[in-house]
Amino acid sequence: FRSEKLQTKLRQLELSRQNGPSGLSTGRSLGSSSPLGESQARAPPVIGSKVLTQRQLRDCIEEIYASKSKYDIKCAETHLPRETMEQHMYTHLNQKYGLKHIILEWATAIIQGIKKFSAEDNDVAVFGKILRNEIDEESRFVQRQLKETVHELLRVYVKGKMPLKSDEEINNIVKKKTTGTLLEEEWIDIVKYMYNNEDAVSVIMRIRDILKQKAQPRRRQAVRRGAPTDDKPPQIGYAEFLRTLLDFQLEGHERFLSRFVRVFKMHDTDRNGIVNEHEFRLILKTVDPSKSEEEV
């Protein structure tokens, strides 16, 4: 995403909002007057100067998701096509800010934030891939379900180990673990319950590699000091454990979709995440050449 592409998106947005879905709030038109005053409108900030923290970026993503869900309902009620997530990001920013340079500033900041935080934040990575039409929008619900499942499995595990404790005590123990670390037996039990044997082995090996890399510097320091090394099974932070499972899930989903994404992009020549009827027919024929024209 370069500034030229963002400018193109803004021009497309300006045209599409003029003929937006009936009953949808489109906010102020691009370039309309602003309560900030004319002097600020005449002297826009340098594009790219806004920098979002990870927390601010996550808040922006949640806002866009919430706005998109409401917009999709409106489109369903008015029998109009949905927007892609990329299109709706600009719709949302237009409704919220209205001025071209502010929209461009925020869009640039969001895109730069995605590049910066995707490697360490699975939620950001998922949003970026949805934005680029690399995975389906519903993927975010799968990731959310995974988080809830892991939390519930941890609670079941703790309850099984401490059957005489009250629910309040169990909840406090689980809360402490979800903000701290997990013992090896705890995270292995969760992994084995969630995955088949092959996938469970892959995840366990991945986590052990992470723990090994973290332990190496400590071992080297202990050797230099002449201190005994700690041979106890290392613990993994709950947040890191969860991120490892989310990344594994996302990678598997990408592999599953890879052929379809490749075919879709082959026919989505303008790379906007949308195909017309003719392009859709070509996609169907590419995916299943045995289909006749009548079946298509």
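Let me begin by describing the structure that accompanies this report. Bear in mind that the values here come from a model prediction, so they are computed numbers and not experimental data.

1. Points about the pattern of salt bridges
Within the structure shown, the criterion is met by 19 salt bridges. Here Arg58 and Asp123 are joined by a salt bridge, their closest N and O atoms 3.0 Å apart. Here Asp123 lies in helix α6 (residues 122-131) and Arg58 lies in helix α3 (residues 54-77), a separation of 65 residues in the sequence. Take Arg58: its relative accessible area is 25%, and that puts it in the partly exposed class. For Arg82, the salt bridge goes to Asp72, with nearest N and O atoms at 3.4 Å. Of this pair, Arg82 sits in the loop between α3 and α4 (85-97) while Asp72 sits in helix α3, placing them 10 residues apart in sequence. Beyond isolated ion pairs, a larger network of salt bridges with shared partners links Arg58, Asp121, Asp123 and Lys147.

2. With respect to the packing of helix α11 (residues 238-267) against helix α12 (residues 277-287)
At a minimum axis separation of 9 Å, α11 and α12 run at an interaxial angle of 140°. It follows that α11 is oblique to α12 by the angle criterion. At the point where α11 passes α12, the crossing takes the right-handed sense. Between α11 and α12, the contacting residues are Arg259, Phe260, Val263, Phe264 and His267 on the first element and Glu279, Leu282, Ile283, Thr286 and Val287 on the second. Residues that form the contact of α11 with α12 fall into these classes: six nonpolar, two polar and two charged.

3. What to know about the side chain of Glu279
Structurally, Glu279 can be placed in helix α12. If sequence neighbours within four positions are ignored, Glu279 has contacts with His267, Thr269 and Ile274.

4. A few points about unusual backbone geometry
For His79, which is not glycine, the phi torsion reads 60° and is therefore positive. Tracing the sequence through the fold places His79 in the loop between α3 and α4. Given a relative accessible area of 73%, His79 falls into the exposed group. Even without being a glycine, Asn133 presents a positive backbone phi close to 60°. Relative to the helices and strands, Asn133 resides in the loop between α6 and α7 (139-161). Residue Asn133 is classed as partly exposed on the basis of its relative accessible area, which comes to 22%.

Rules of the game
- Residues numbered from 1 in each chain as written.
- Predicted model: local features only at pLDDT ≥ 70, side-chain atom pairs only at ≥ 80, totals over all residues.
- Heavy atoms only, no water.
- Salt bridge = Lys/Arg side-chain N within 4 Å of Asp/Glu carboxyl O.
- Helix = DSSP H or I, 4+ residues; strand = E, 2+ residues; numbered from the N terminus.
- Buried < 20%, exposed > 50% of the residue type's maximum accessible area, 1.4 Å probe, protein only.
- Axes fitted to C-alpha atoms, helices over the stretch in contact; angles between N-to-C directions.
- Parallel < 35°, antiparallel > 145°, perpendicular 65-115°, else oblique.
- Left-handed = near helix turned anticlockwise from the far one by under 90°.
- Contact = heavy atoms within 4.5 Å.
- Nonpolar A, V, L, I, M, F, W, Y, C, P; charged D, E, K, R; others polar.

Function cannot be read off these values alone, since they describe shape.
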